[in-house]
Amino acid sequence: MARQDQANQMRSGKGFIAALDQSGGSTPKALRLYGIAEGSWADDAEMYALIHQMRSRIATSPAFTGDRVVGAILFERTMDSDIGGKPAAEFLWHDRGVVPFLKIDKGLEDETDGVKLMKPIGGLDALLERAVKAGIFGTKERSVIDAANARGIAACVAQQFDLARQVLAHGLMPIIEPEVTISIADKAEAEDILLAEILKNLDALPEGTEVMLKLTLPTRPNLYKPLVDHPKVMRVVALSGGYSRDDANAALAQNTGMIASFSRALTEGLSAQQSDAEFNAALDRAIQSIYDASIT
């Protein structure tokens, strides 16, 4: 019943997905933006402990509930840790009504044909089995598109769907994330190629199969509406991709049916130095603004 309830929430719930999945490479920047300077930790263990404190503070805030935050993407270390005295995924779903996802990609290969494919994910089946046991609903896997290169984008999308099939075989919902870099000159052209490749790969999926998609906010509003309406797509979510929260919200509001899955844009303005009252008020404002953009 829990999985069906989670699927119903992801398919039609009002709100957005919080991306709380900063990995080793992005954690120092996330901590710096949160007011914790590099050099405040002696090793990776202390760094990950600090980012877990930030994530826990967000997840345990009164503002962070399934009324506006329908899902949350976790880093593997977060899945293996406690929040609010309970295993993270259990706390999110049972105490907050937030559907838990797990980031499974392990970084990017060097650029080839204008894209950065995902590195091989060692021990993936074992990780997916652990995720199922932990109460995770789905996964998220990111690769990057840096140019409107048809060959590269086709390879990027094919890799994403191959991995999605492996995730689906474990009964988990994959969030396919081929991110288009927002600063490239041919972003609109890359998005047109990406849309065509995704549609081709969706058509090849067996009937009754569903995936989710996490995409960069498109240059042309509603470009991805065919994906929003596709019978094999549970939900299309948008990444902020380096846009400020205000700019990301404004762009999202122009894309009917897409909801947010923001990371840095969610935590913008939060600080380790804030009192709990200040922190909760700032988070509430951020959540409300992203929620409003997601339901427009």
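Just so you know, these numbers come straight off a predicted model, no measurement behind them.

About the thresholds
- Residues numbered from 1 in each chain as written.
- Predicted model: local features only at pLDDT ≥ 70, side-chain atom pairs only at ≥ 80, totals over all residues.
- Heavy atoms only, no water.
- Helix = DSSP H or I, 4+ residues; strand = E, 2+ residues; numbered from the N terminus.
- Rg over C-alpha atoms; globule rule 2.2 N^0.38 Å.
- Buried < 20%, exposed > 50% of the residue type's maximum accessible area, 1.4 Å probe, protein only.
- Contact = heavy atoms within 4.5 Å.
- Areas by Shrake-Rupley, 256 points an atom, 1.4 Å probe, with all protein chains shown as cover.
- Lys, Arg positive; Asp, Glu negative; His and termini not counted.
- Charge placed at Lys NZ, Arg CZ, Asp CG, Glu CD.
- Pairing = 2+ DSSP bridges.
- Core = buried A, V, L, I, M, F, W, Y, C linked by side-chain atoms within 4.5 Å.
- Expected span 1.5 Å × (residues − 1).
- Arc of directions from axis to C-beta.
- 1 Å grid on protein atoms, 1.4 Å probe; cavity = no way out; pocket = protein on both sides within 12 Å on 5 of 7 lines; lining within 4 Å.
- Points joined across faces, edges and corners; volume = space filled by probe spheres on them.
- Nonpolar A, V, L, I, M, F, W, Y, C, P; charged D, E, K, R; others polar.

K.L.:
Help me get a handle on the overall build of the chain, residues and values and all.
P.N.:
Counting its secondary structure elements, the chain contains 12 helices and 11 strands. A compact globule built from 296 residues should have a C-alpha radius of gyration of about 19 Å, and the chain, at 18 Å, falls within 12% of that. If one aligns the C-alpha atoms of the chain with their principal axes, the spans along those axes are about 50 × 40 × 40 Å. Across the 296 residues in the chain, those meeting the buried criterion constitute 53%. Partitioning the contacts of the chain with sequence separation of at least 6, the portion at a separation of at least 24 is 73%. For the chain, the accessible area works out to roughly 11,900 Å², and carbon and sulfur atoms hold 50% of it. Considering the chain, the positive charge centre built from 31 side chains and the negative charge centre built from 40 side chains are found 2 Å apart.

K.L.:
A description of the pairing of strand β5 (residues 99-103) should follow, citing residues and the corresponding values.
P.N.:
For a regular strand, side-chain orientation follows a simple rule: the groups alternate between the two sheet faces. For β5, the buried fraction is high: five of the five residues fall into the buried class. Neither face of β5 is left uncovered, since the one carrying Val-99, Phe-101 and Lys-103 and the one carrying Pro-100 and Leu-102 both have all their residues buried. Relative to β5, strand β2 (residues 69-74) is paired through four bridges, and the arrangement is parallel. Across the sheet, residue Ile-73 finds its bridge partner in β5, namely Phe-101.

K.L.:
Describe the nonpolar core, listing the residues and the values that go with them.
P.N.:
Counting residues in hydrophobic clusters, the biggest one holds 81 residues, and the most contacted among them are Phe-16, Phe-64, Leu-194, Ile-198, Leu-227 and Leu-266. Setting aside residues up to four positions removed in sequence, Leu-194 forms contacts with Ile-145, Ile-153, Val-157, Pro-178, Val-180, Leu-215 and Tyr-224. Among the nonpolar cores identified, the runner-up in size contains 16 residues, and Met-10, Trp-93, Ile-175 and Met-234 belong to it.

K.L.:
Got a sec to walk through helix α7 (residues 150-168)? Specific residues and values, please.
P.N.:
Because an α-helix completes one turn every 3.6 residues, residues spaced three or four positions apart along the sequence face the same direction. In a regular helix each residue adds 1.5 Å, so 19 residues correspond to 27 Å; α7 covers 27 Å between its end C-alpha atoms and thus fits that length. Every buried residue of α7 is accounted for by Gly-152, Ile-153, Cys-156, Val-157, Gln-160, Phe-161, Leu-163, Ala-164 and Val-167. One side of α7 carries all its buried residues, which in axial view fall inside an arc of 165 degrees. Buried residues along α7 sit against β6 (115-116), α6 (124-134), β7 (138-145), β8 (173-180) and α8 (187-203).

K.L.:
I'd love a proper account of the layout of surface pockets, names of residues and values included.
P.N.:
Looking at the largest pocket, its volume works out to about 750 Å³. Of the residues forming the lining of the largest pocket, the biggest block, three residues, is contributed by helix α2 (residues 27-33). Of the residues contributing to the lining of the largest pocket, the split by class is five nonpolar, 11 polar and 11 charged.

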